[in-house]
Amino acid sequence: MATENKALITLFGATGDLAKRKLYTSLFKLYQKGYLADHFALLGTSRHEMSDEEFQELVLNSIKDIPAKDGEAEAFSKHFFYCAHDVTKPEHYVKLKDRLAELDKQFGTEGNRLFYMSMAPQFFGTIAINIKKQGLLTDNGYNRLVIEKPFGRDFDSAKKLNDELSQTFEENQIFRIDHYLGKEMVQNIQALRFGNPIIEALWNNRYIDNIQVTLSEKLGVEERAGYYDNSGALRDMVQNHIMQVVAQLAMEEPVAFTDDDVRVEKIKALRSLRVYTPSEAAANFVRGQYGAVNDQPDYRHEDGVDPESGTETFVAAKLMFDNYRWSGVPFYVRTGKKLADKFTRIDIVFKKPLIDIFANPDTADKQALKSNVLTIYVEPNSGFGLRLNAKHVGQGFTTEPVDLNFVQSDTAKKESPEPYERLFHDALEGNHTNFASWAEIAYAWKFVDVIRNLWDIEKPQFPNYTPGSMGPAAASELLARDGRKWVYDLNK
């Protein structure tokens, strides 16, 4: 049975796209399942003038496509209220304070307050400081802060922001959203590793040759061009999503499956990530920008993009961890827009036998055995794949790879919570397991800053890949130099 969470949520940026597409739908699903019930309310804020009734109508419109019982959506919407608010004006927080006090009493939320910032990050610090100065915190319940990425543009700006937040909130009160950590199969990484001795026994440099992480997007920048051209794939995807996935793949087994213990091991893994020198970064990182195809313009001619833009829409890299478990094992990562398809997958490539007794010296194929590959399919399908070697059916003795696959059923996928639903629930529960800590973000920025600083002074030769491909040729060459290939390769 679901346990009801008593909470009063203040949402900064309540009329924004994220709130309408993800947040209200996630809260409604939690309400339908009983995790939210009578003792919760949400006070939305933005610059727009709006009545409570108009705001409730906005919420109803956002959740209209979710199947519901008669009257359920309307009952849910009655927990939503609105206050026009300029986050830069301290006097506006006084009105917020009064509304929150009224709602706390009306809905019996027992002083539990969750502040959610779904707006431009330059306002995060201002909001946090005013929450404390103007007395919006409570003494009789919890006070928690949820913030969206991006968390800074580099280590210095991230540290400045964290210092501002820390004036009001302790680290254990801050929940930094990374929606990839809410995905079912990303959370399955730890179940796969630490729940299966046969897997964990092989999860090291004695048996693993390399690990590959691919986050592929089929679409271009679409309506995000203004944001994306000032960010790029390195900041938008590598520093957060990819680093979080890689940390889970590289971490040691925690003492217990608690948020504190998991964070300790993720931090230790990121501490051992080799920070490259500029020359090493140049050798181990590839960037790209998509060109034109048919009537589709190249990146530089997308609406809202600088015609001379040097912003990368693709990144591939080789990462190395300097620790006992992973010494010598490369982690290859890539992400980009306008690629062959939309999918996320993780391929663990195991070493071949030292001696291939099945190799036929009379043929050109001296090494008949293929590498065993364990694949974690994150999206769009969720499941696992294992590639083994088996005897080919027929006379003689030749081997061929065979694939064992498990894919979650449509029913299981339907029942699985969406990332924001899962993460909202975790924040209400006070569970940090699937949120990034400041230490993780700091180590990730220190690593990424070397590459960003190098790329900012070198003029790229863009565009350098065709939409519908898997990125520039240099991404394949990155692995070819080591005698390896991408497991997912359109040029097989």
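Presented here is a report on the structure given in the accompanying data block. (Residues numbered from 1 in each chain as written. Predicted model: local features only at pLDDT ≥ 70, side-chain atom pairs only at ≥ 80, totals over all residues. Heavy atoms only, no water.)

## Regarding the pairing of strand S13 (residues 383–391)
Pairing analysis gives five bridges linking strand S12 (residues 373–379) to S13, with the strands arranged antiparallel. Residue pairing in the sheet places Tyr377 in a bridge with Gly383 of S13. Between the antiparallel neighbours S12 and S13 lie three residues. Pairing geometry for S13 and strand S14 (residues 399–407), over nine bridges, is antiparallel. Its bridge partner being in S14, Asn389 is matched across the sheet by Pro401. (Pairing = 2+ DSSP bridges. Helix = DSSP H or I, 4+ residues; strand = E, 2+ residues; numbered from the N terminus.)

## Some words on the layout of surface pockets
Empty space within the second largest pocket amounts to approximately 540 Å³. Mapped by element, the contributors of at least two residues to the lining of the second largest pocket are strand S7 (208–216) and strand S11 (343–350). With three residues, S7 is the single largest residue contributor to the lining of the second largest pocket. Here the lining of the second largest pocket is built from residues that sort into six nonpolar, four polar and nine charged. (1 Å grid on protein atoms, 1.4 Å probe; cavity = no way out; pocket = protein on both sides within 12 Å on 5 of 7 lines; lining within 4 Å. Points joined across faces, edges and corners; volume = space filled by probe spheres on them. Nonpolar A, V, L, I, M, F, W, Y, C, P; charged D, E, K, R; others polar.)

## A closer look at the side chain of Arg325
Here Arg325 shows up in the loop between strand S9 (314–320) and strand S10 (330–336). Here the side chain of Arg325 touches Trp203 through a polar contact of 2.5 Å, landing on its backbone oxygen. One polar contact links Arg325 to Glu252, side chain to side chain, over a distance of 2.8 Å. Setting aside anything within four residues of it in sequence, one finds Arg325 in contact with Arg193, Glu200, Trp203, Asn204, Asn205, Ala250 and Glu252. (Polar contact = N/O pair within 3.5 Å; in protein donor to acceptor, adjacent residues only side chain to side chain. Contact = heavy atoms within 4.5 Å.)

## Considering the packing of aromatic side chains
Going through the model one piece at a time under the given rule, you end up with 29 aromatic pairs. When the ring of Tyr332 is compared with that of Trp486, the centres are 6.2 Å apart and the planes differ by 70°; the resulting orientation is edge-to-face. Here Trp486 lies in the segment after helix H16 (473–480) and Tyr332 lies in strand S10, a separation of 154 residues in the sequence. Take Tyr332 and Trp486: they sit in the same class, and that class is buried. An aromatic cluster of three or more residues is present, and its members are Tyr24, Phe28, Tyr31, Phe40, Phe55, Phe76, Phe80 and Tyr82. Directly above the aromatic system of Tyr180 lies the positively charged group of Lys183, at a separation of 4.9 Å from the ring centroid. Seen from the ring of Phe155, Lys446 lies directly overhead, with NZ or CZ sitting 5.0 Å from the centre. (Phe/Tyr/Trp six-rings, centres within 6.5 Å; stacked < 30°, edge-to-face > 60°. Buried < 20%, exposed > 50% of the residue type's maximum accessible area, 1.4 Å probe, protein only. Lys NZ or Arg CZ within 6 Å of the ring centre and 35° of its normal.)

All we've got here are geometric facts, nothing functional implied.
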